[in-house]
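Commentary on secondary and tertiary structure
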Amino acid sequence: MKTECHSQGSWSVIEGPKVIRASRAIVEKFHAMEPCPSDRKLSAKRLSDLSSERKKGRLRVPEWASAFCAETNMEYRVNGKHTNELLFSLNGELPEQIVIMTRFRCETLADVAA
């Protein structure tokens, strides 16, 4: 496992990126995941725009990412909040949707937030 060191933290890729089908179980797991400490607020406009694109058949493939933090022994959602919220709101009526999933490992919570 190669560790990348950046001015904003230290992390390594532990899985992916890989293309997966967005099953209800995966959507629910990602939705329930603790957000990273630097997570932005959910944007109603962004959700509306994504919903509109989905209805037109033009939703791009979402890229979701999570990071396991060794310091807290927890996994945090670090990317994909809006597209996950959109798919979660469909209440199990998921289209044939794929996502690109990447999992990272960070040593500290500060690294997760970076």
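Everything discussed here concerns the structure shown above.
This section reports on the structure supplied with the text. (Residues numbered from 1 in each chain as written. Predicted model: local features only at pLDDT ≥ 70, side-chain atom pairs only at ≥ 80, totals over all residues. Heavy atoms only, no water.)

With that out of the way, let us pick up the overall build of the protein. Looking only at helices and strands, the protein has four helices and six strands in total. Radius of gyration (C-alpha) of the protein: 15 Å, near the 13 Å computed for a compact globule of 114 residues. Taking the principal axes of the C-alpha coordinates as reference, the protein spans close to 40 × 25 × 20 Å. Looking at the 114 residues of the protein, the share that counts as buried comes to 33%. If you take every contact in the protein between residues at least 6 apart in sequence, the share linking residues at least 24 apart comes to 78%. Total accessible area on the protein is roughly 7,000 Å²; 50% of this is exposed by carbon and sulfur atoms. Placing the 18 positive and 15 negative side-chain charges of the protein at their respective mean positions leaves the two points 6 Å apart. (Helix = DSSP H or I, 4+ residues; strand = E, 2+ residues; numbered from the N terminus. Rg over C-alpha atoms; globule rule 2.2 N^0.38 Å. Buried < 20%, exposed > 50% of the residue type's maximum accessible area, 1.4 Å probe, protein only. Contact = heavy atoms within 4.5 Å. Areas by Shrake-Rupley, 256 points an atom, 1.4 Å probe, with all protein chains shown as cover. Lys, Arg positive; Asp, Glu negative; His and termini not counted. Charge placed at Lys NZ, Arg CZ, Asp CG, Glu CD.)

When their charged atoms lie close together, side chains carrying opposite charge are able to pair. All told, the structure shown has 10 salt bridges when counted by the stated rule. Notably, a salt bridge pairs glutamate 96 with arginine 21, separated by 3.6 Å at the nearest N-O pair. Of this pair, glutamate 96 sits in the loop between α3 (81-88) and β6 (98-106) while arginine 21 sits in strand β2 (residues 9-21), placing them 75 residues apart in sequence. Residue glutamate 107 pairs with arginine 105 through a salt bridge whose shortest N-O separation is 3.2 Å. The exposure class assigned to arginine 105 is partly exposed, which follows from its relative accessible area of 27%. It is possible to trace a salt-bridge network through shared partners that takes in Glu15, Lys18, Glu75 and Arg103. (Salt bridge = Lys/Arg side-chain N within 4 Å of Asp/Glu carboxyl O.)

These figures come from the coordinates and say nothing about function on their own.
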